[in-house]
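# Survey of secondary and tertiary structure
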Amino acid sequence: MSTEEQVKRLLSMIGRLTHVVREENERLNHPGRAPGLKEIVTEKEALSRSYEQQLKVLGNEDEMKKVNSELLQRLKEGATHLALLMEENKRKLESKMEATKLVFKIITEAAKEY
């Protein structure tokens, strides 16, 4: 597979991963555990592993210089957009975990008082 084909494959993967992360972020906006969240997280993890593997394959700078500049620009923009979504995802997950910890703390304290 040529480097350009690999870049196109990576772009496709970035598109799928972007869609999945956006969907997860949307579901994290809702209180409680949103239906289908577990499946989305599983898919996100699998796509993330594949994404990392593809990045390793494309690690050769000399080969990347041969790729069409427009395609490289699309790759850069896609990766930047994905990174921003992943950062938002991280913040939402941390907030959700912190809220869950707080609920458990309140329940624990209430149980001790009872």
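For the structure, see preceding data.
Residues numbered from 1 in each chain as written. Predicted model: local features only at pLDDT ≥ 70, side-chain atom pairs only at ≥ 80, totals over all residues. Heavy atoms only, no water.

### Some details on the overall build of the chain
For the chain, the helix and strand inventory stands at four helices and zero strands. For the chain, the N- to C-terminal ordering of α and β elements is α-α-α-α. On C-alpha atoms alone, the chain measures out to a radius of gyration of 19 Å, which is more than a quarter above the 13 Å that the 2.2 N^0.38 rule sets for 114 residues. Its C-alpha atoms put the chain at 70 × 25 × 20 Å along the principal axes. Within the span of the chain, comprising 114 residues, buried residues form 28% of the whole. Sequence-distant contacts in the chain: of pairs separated by 6 or more residues, those separated by 24 or more amount to 80%. For the chain, the exposed area adds up to about 8300 Å²; of that, 54% sits on carbon and sulfur atoms. (Helix = DSSP H or I, 4+ residues; strand = E, 2+ residues; numbered from the N terminus. Rg over C-alpha atoms; globule rule 2.2 N^0.38 Å. Buried < 20%, exposed > 50% of the residue type's maximum accessible area, 1.4 Å probe, protein only. Contact = heavy atoms within 4.5 Å. Areas by Shrake-Rupley, 256 points an atom, 1.4 Å probe, with all protein chains shown as cover.)

### Focus on the nonpolar core
Among the nonpolar cores identified, the biggest contains 18 residues, and Val7, Leu10, Ile14, Leu17, Tyr51, Leu75 and Leu82 are the most heavily contacted of them. Of all the secondary structure elements, the ones that give two or more residues to this core are helix H1 (3–28), helix H2 (37–57) and helix H4 (69–113). Broken down by element, this core gets its largest block of residues, eight residues, from H1. Those residues within four positions of Leu17 in sequence are excluded, and the remaining contacts are Lys44, Leu47, Ser48, Tyr51 and Leu82. (Core = buried A, V, L, I, M, F, W, Y, C linked by side-chain atoms within 4.5 Å.)

### Digging into the packing of H2 against H4
At their nearest, the axes of H2 and H4 sit 14 Å apart, and the two run at 140° to each other. Judged by the angle between their axes, H2 and H4 are oblique. In the crossing of H2 with H4, the sense of the turn from one axis to the other is left-handed. Residues Lys44, Ser48 and Tyr51 of H2 form the contact with H4, whose participating residues are Ala79, Leu82, Met86, Asn89 and Leu93. (Axes fitted to C-alpha atoms, helices over the stretch in contact; angles between N-to-C directions. Parallel < 35°, antiparallel > 145°, perpendicular 65-115°, else oblique. Left-handed = near helix turned anticlockwise from the far one by under 90°.)

### Overview of the packing of H1 against H2
Two elements in contact, H1 and H2, have axes whose closest approach is 9 Å; the angle formed by their N-to-C orientations is 150°. Judged by the angle between their axes, H1 and H2 are roughly antiparallel. Viewed along their axes, H1 and H2 form a crossing whose handedness is left-handed. Here the contact of H1 with H2 is composed, by residue class, of 14 nonpolar, four polar and seven charged. (Nonpolar A, V, L, I, M, F, W, Y, C, P; charged D, E, K, R; others polar.)

So far we have only geometry, and geometry alone does not tell us how the molecule works.
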